[in-house]
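Overview (structure and organization)
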Amino acid sequence: MPAPRKKRTAFAAIGTSVPNVDAVDKVTGRAKYGADHDRKGQLYGRVKYSEHPHALILSIDVSRAVNLSGVRAVLTHADIPGENSFGTAVPHQVVLCSEKVRYLGDVVAIVAADSEEIAAKAVESITVKYKILPVVSDPVEALSPRSPAVHAGGNLCVHQKVRKGDVGTGFSQSEVVLEREYATQKVEHAYMEPEAVLAEPGENGGITVTGSVQNLYSIRRGLARVLALPLGRVRVRQATLGGSFGGKDEAMTALCCRAALLALKTGRPVKMVNTRENSMRESYKRHPYRMKYKVGADRRGFLKAMEITIHADAGAYAAMSPFVTWRSTVQATGPYVVPNVRTDVYAAYTNNCYTSAMRGFGSPQVCFGSESLMDELAEKLGMDPLEVRLKNTLRGRSTTATGQKLNHTVSVGEALLNVTKKGRFLKTRASNRKHNERSHPKKGVGISCSYRGVSLGAEGVDAAGVTVSLQTDGSVVASSGLVDMGQGAATTISLMVAEELGVTVDRIRFLGADTSRLPDSGPTVASRTSFMAGQAARRACKEIVERIRPVASEVLGCPVDSLLFRNNWVSHSTERTRRGPGSRKAGRGRAGRKRLRLGELASLCFARGVSLFAHGWYRAPATSWDERTGQGDAYFTFVYGANLAEVEVDTETGTVRVTRFVSSHDVGRVLNLNGARGQVYGGVAMGLGYALFEEYAEQDGRPSLENFDEYLLPTVSDVPETEIVFIENPDRLGPYGAKSLGEPACEIAAPAIANAVCDALGMRVRELPLTLERVRLGRGLSRKEKRGSAGP
């Protein structure tokens, strides 16, 4: 458990522990998730999936489905009024396939019927004739000139690169050179709630869509494109989300488009809810990576060069692959000073299930690679893993692999010292060695660290908005274009509103996102919500306060600058009055009154025609990027973290048990203490599953599993007690100095566990997950072999 934190005096709400603002609704069942939305007279939609991973469509016969009693519509590509595709980076993801299917999750026809049973029967009666094409399943082979083409332009989805210095010179100056290969697997998001949507025909030929949506505005753009409607006639509303972790973007766009097509065709509401089997078949996954690392260092352990080549499996469509792999290039060297860098990341199209955003967004893979590499380098040099890391970690004014000079407090070294001190890393490591010589199970301890860019960075325009409305009773209604997916964003934003307006959190109502009343705030990704929405919320609140302060000053008969808004009251602060002649003068009023309720002040302002509503808009600081060289200021600021894991390994069965976990993160400022703790606990649990259990396996484009009964997920008994050490180095750019935490908490859990397992085994396992077979067989090189070889 985290150590107790001293109560702050500077803030009334920021950093406190409060229940989530939606907690009561969720535990009492009042919260309405996507599948809970129904309308009278609604129809039920179903999809006809492709039967092959790669094939040409020769014909689609829907005649039997059309003639079934209770079937109200059967649609194919020919019935789409607009474009038959969507996509943020590359708009080629097909809604209803017309000529070709590219993976088993592609859809060729959709049905709306009076019941789910009738819709399912209608789908089964649709007949499709195919010409089967060769399956492309290997992302490396996909880039061969001999490979069949998944898309007409070839199989290269994107090539990202970083060029810094001269790696040839760096390796020539190195006294130790290692070459290693690592691999990570494809994993499922595993949110509890499958995708669900209700589409309703609207006025003037418009459409309203309510569902488990993560990025409302990209979905709205997709709907407008496919339906051939102006954006103003497309309304998307967020239902309560039962988890997402980045997984309800393109998958939901496709589902929304199909439901909307059926709704407009029939003139009736259409509900579509994925079964778990359909969700796992169609929804995108985290990218599997194959990574080749070459690192050079001198005998003292200082890094001289890194050369990195990565192949990512993009699957059937581009989705977010260009952005995911771009972040990978920035973080691929880890949080270290490397004077010479050459990084190439290739994403290739295959006929596997496509891949896109998932918590970490391209960082968990390279964190596993770079942090495994640092342990192997330490072993080769005869140093301990902490020593070699501390020699090379980024510091203030250091230059990153992309040529960016860090002009803020860089705390990766501090985070490492926090976890290794609390975990007694060196002593534990030494005692484990003695234990492992004579006892069973084997024990190991491992560490990992990372740096991560905050928000979107140079990926694109980064801006967000929040609306705040002060009511005449002193309560507040707030809403943001960035959504709460279960990560606690509504509570965190509410805390910032409470701090600025001086209200208690229980007086704030946070509304779900709705495109009809909020401006486009970009996607809810990249751990950007607290930072971006927080700054926007503060601007909105400050605008309201500036309007109502003169009225309060008049009523209380005190200088404007002496007013204190706190705990639902407005009062005269004598401490602020003593600031001197710079304080603004008070207007005439009822001198002698000490305070008034915020609700009373709001009523007075309303009676005078003072607006109690404001929209705050915040655009992130500038970044830069040169695509030719991979150099530039990739992000406006960074976060830093470190983990320590202890494990026990049964070498006979291959069973791994994580017995202890210590995590330290520099978040700038803790905004929501309960939320921050929850992010770390959840990140550790997700990272543990990534390290030890989870894998969405495919063979020739066909998944080897269909549901969670075959997909291994960690349970509560697998997750160890986690100790947390938060570092607070307030960032000048963030709201109250805050930065981000959601994805950093997840990205370095797996490498700490992997390094601990390898410490216990005395040999390296370079592929995730660390399954029973891999651990039991001890794939990799023994410690003795590693010392005798610098090769792969």
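These numbers were taken from a predicted model, which means no experiment stands behind them.

Turning next to the overall build of the chain. Each helix and strand in the chain was counted, giving 21 helices and 30 strands. Here the C-alpha atoms of the chain give a radius of gyration of 28 Å, agreeing with the 28 Å that 2.2 N^0.38 yields for 792 residues. Overall, the chain is about 85 × 75 × 50 Å in size when its C-alpha atoms are taken along their principal axes. Burial statistics for the chain: of 792 residues in total, 62% are counted as buried. Pairs at least 24 apart in sequence give 81% of the contacts found in the chain among residues at least 6 apart.

In terms of residue burial, strand S20 (residues 476-480) counts as a mostly covered element, since 4 of its 5 residues are buried. Here strand S19 (residues 463-470) runs beside S20; their pairing, made up of 5 bridges, is antiparallel. Directly across from Thr-467, in S20, lies its bridge partner Ser-479. Hairpin connection of S19 to S20: 5 residues between the antiparallel strands, including Gly-474 at a positive phi of 90 degrees. After leaving S20, the chain enters helix H13 (residues 489-501) and then returns to the sheet as strand S21 (residues 508-511), a path that is right-handed.

Glancing now at the side chain of Asp-249. Tracing the backbone through its elements, the reader meets Asp-249 in the loop between strand S13 (234-238) and helix H6 (250-266). Here Asp-249 is buried and forms no salt bridge, its nearest opposite-charge partner Arg-221 lying at an N-O distance of 7.9 Å. A distance of 2.8 Å separates polar atoms of two side chains, one belonging to Asp-249 and the other to Asn-215. Excluding its chain neighbours within four sequence positions, the residues that come into contact with Asp-249 are Asn-215, Ser-218, Ile-219, Tyr-284 and Met-320.

Below, the discussion takes up the pattern of salt bridges. Tallying each qualifying case throughout the model produces 37 salt bridges. Close ionic contact of Asp-25 with Arg-30 constitutes a salt bridge, the shortest N to O distance being 3.0 Å. Since its relative accessible area comes to 54%, Arg-30 is described here as exposed. A salt bridge links Asp-298 to Arg-300; its shortest N-O distance comes to 3.3 Å.

In this section: the domain arrangement of the chain. For the chain, the assigned domains read domain 1 (23-31 + 463-619) and domain 2 (397-459 + 632-792). Inter-centroid distance (C-alpha atoms) of domain 1 to domain 2 is 39 Å. Contacts between the two partners involve 20 residues from domain 1, matched on the other side by 17 residues from domain 2. Both faces considered, domain 1 and domain 2 share a buried interface measuring about 1500 Å² in area, 60% of it formed by carbon and sulfur atoms. For domain 1, the biggest contributors to the area lost against domain 2 are Ala-526, Ser-527 and Phe-531; these three give 42% of the whole. Counting every contact that joins domain 1 to domain 2 gives 0 salt bridges.

Once that is clear, we can look at the packing of helix H5 (residues 216-227) against H6. Where H5 contacts H6, the axes come no closer than 9 Å and their chain directions differ by 40 degrees. Comparing their axes, H6 and H5 come out oblique. Between H5 and H6 lies a crossing whose hand is right-handed. Facing H5, whose interface residues are Ile-219, Gly-222, Leu-223, Val-226 and Leu-227, H6 presents Met-252, Thr-253, Cys-256, Cys-257, Ala-260, Leu-261 and Leu-264. Here the residues of the contact of H5 with H6 sort into 10 nonpolar, 2 polar and no charged.

Segments scoring low in pLDDT should not have their predicted coordinates read at a detailed level. Across the chain, pLDDT averages 94, with 95% of residues at or above 70. Low pLDDT, under 50, characterises residues 1-9; the stretch is placed with 17 contacts to residues that sit more than four places away or in other chains. Below pLDDT 50 for its whole length, residues 779-792 participates in 40 contacts with residues either more than four positions away or in separate chains.

Now for the environment of Ser-363. Position of Ser-363 among the secondary structure elements: in helix H9 (residues 363-381). Separated by 81 residues in sequence, Ser-363 and Glu-282 place their C-alpha atoms 24 Å apart. Once residues within four sequence positions are removed from consideration, Ser-363 is found in contact with Gln-331, Arg-452 and Glu-747.

With that out of the way, let us pick up the sheet that holds strand S26 (residues 638-649). The strand order S18-S26-S27-S30 describes an open sheet built from 4 strands, whose pairing is mixed. For this open sheet the edge positions go to strand S18 (442-453) and strand S30 (722-727), each flanked by a neighbour on one side alone. Direction aside, the axes of adjacent strands within the sheet are offset by 15 degrees on average. Where strand S27 (residues 656-666) meets S30, 6 bridges bridge the pair, whose relative direction is parallel. What sits directly across from Ser-663, in S30, is Ile-724. Those strands touched by helix H17 (residues 673-692) are S27 and S30, and its axis lies near 125 degrees from that of S30.

What counts, and at which threshold
- Residues numbered from 1 in each chain as written.
- Predicted model: local features only at pLDDT ≥ 70, side-chain atom pairs only at ≥ 80, totals over all residues.
- Heavy atoms only, no water.
- Helix = DSSP H or I, 4+ residues; strand = E, 2+ residues; numbered from the N terminus.
- Rg over C-alpha atoms; globule rule 2.2 N^0.38 Å.
- Buried < 20%, exposed > 50% of the residue type's maximum accessible area, 1.4 Å probe, protein only.
- Contact = heavy atoms within 4.5 Å.
- Pairing = 2+ DSSP bridges.
- Right-handed = clockwise from strand over helix to strand, strands pointing away.
- Lys, Arg positive; Asp, Glu negative; His and termini not counted.
- Salt bridge = Lys/Arg side-chain N within 4 Å of Asp/Glu carboxyl O.
- Polar contact = N/O pair within 3.5 Å; in protein donor to acceptor, adjacent residues only side chain to side chain.
- Domains from an automatic or database assignment.
- Buried area = accessible area lost by both parts, 1.4 Å probe.
- Axes fitted to C-alpha atoms, helices over the stretch in contact; angles between N-to-C directions.
- Parallel < 35°, antiparallel > 145°, perpendicular 65-115°, else oblique.
- Left-handed = near helix turned anticlockwise from the far one by under 90°.
- Nonpolar A, V, L, I, M, F, W, Y, C, P; charged D, E, K, R; others polar.
- pLDDT = per-residue confidence, 0-100.

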